[in-house]
Amino acid sequence: MSFTVGEHSPRHLRRITRAYLHLWSLEEVVDAAELAVTELLANVVRHVPDRQCALLLLRLDRGVRIEVSDGWGRMPRNPAPLDRSGEPALDEGGRGLMLVEAVADRWGVVPLPPGGKTVWCECDTGRLAGR
């Protein structure tokens, strides 16, 4: 799905994500996937000037892969670093990806030519689909 996101878009796209995951019998990853979709789209709203992006949900044997692509060349920062006590630093940026890292089994960023990127994550069910 390609679209321009606004402040309320993540709510609607969480609902769509939930519907697909139920259709695919992946209820086990619904909460993690919804949070990941919310945070990845919030990054587009916050950082991408034209707010245009594409969301792709891919059913995998082990769960779901979520991809959010945009045309903005700036790469996201790594999740917020921890301070000396082990708590997240007070920096405002990076908290969304810190949440994605916490709920997803894997995540990463792929640069897109001539500019832009795809931020992706995967949420595993702990079982192979269809077994």
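First things first, this report covers the structure right here in the doc.

Criteria and thresholds
- Residues numbered from 1 in each chain as written.
- Predicted model: local features only at pLDDT ≥ 70, side-chain atom pairs only at ≥ 80, totals over all residues.
- Heavy atoms only, no water.
- Helix = DSSP H or I, 4+ residues; strand = E, 2+ residues; numbered from the N terminus.
- Contact = heavy atoms within 4.5 Å.
- Pairing = 2+ DSSP bridges.
- Salt bridge = Lys/Arg side-chain N within 4 Å of Asp/Glu carboxyl O.
- Buried < 20%, exposed > 50% of the residue type's maximum accessible area, 1.4 Å probe, protein only.

Examining the side chain of threonine 125
Summarising the element assignment, threonine 125 is placed in the segment after strand S5 (117–124). Those residues in contact with threonine 125, other than ones at most four positions away along the chain, are Leu26, Glu28, Val29, Arg62 and Gly63.

What about the pairing of strand S2 (residues 52–60)?
Two strands pair when backbone bridges link them, and strand S1 (residues 2–4) and S2 are joined in this way by three bridges, in the antiparallel orientation. When the sheet's bridge partners are listed, serine 2 is paired in S2 with alanine 54. Inspection of the sheet shows S2 paired to strand S3 (residues 63–70) by eight bridges, in the antiparallel sense. In the strand pairing of S3, leucine 57 is matched with isoleucine 66. Between S2 and S3, which follow one another and run antiparallel, lie two residues.

Observations regarding unusual backbone geometry
Note that the residue after proline 113, namely proline 114, is joined by a cis bond; omega there is 0°. Following the sequence through the fold, proline 114 ends up in the loop between strand S4 (106–111) and S5. The phi dihedral of serine 25 is positive, around 60°, even though this residue is not glycine. In this structure, serine 25 sits in the loop between helix H1 (9–23) and helix H2 (30–47).

Observations regarding the pattern of salt bridges
Here the idea is simple: oppositely charged side chains can pair when their charged atoms come close. Taken as a whole and judged by the stated rule, the model has ten salt bridges. Note that glutamate 67 and arginine 65 form a salt bridge whose closest N and O atoms lie 2.7 Å from each other. On the accessibility criterion, arginine 65 (17% relative accessible area) is buried. Arginine 106 is the salt-bridge partner of glutamate 122, the closest N and O atoms lying 2.8 Å from each other. Here glutamate 122 is found in strand S5, whereas its partner arginine 106 is found in strand S4, with 16 residues between them in sequence. Residues joined by salt bridges that share partners form a network here, namely Arg62, Arg65, Glu67, Arg106, Glu122 and Asp124.

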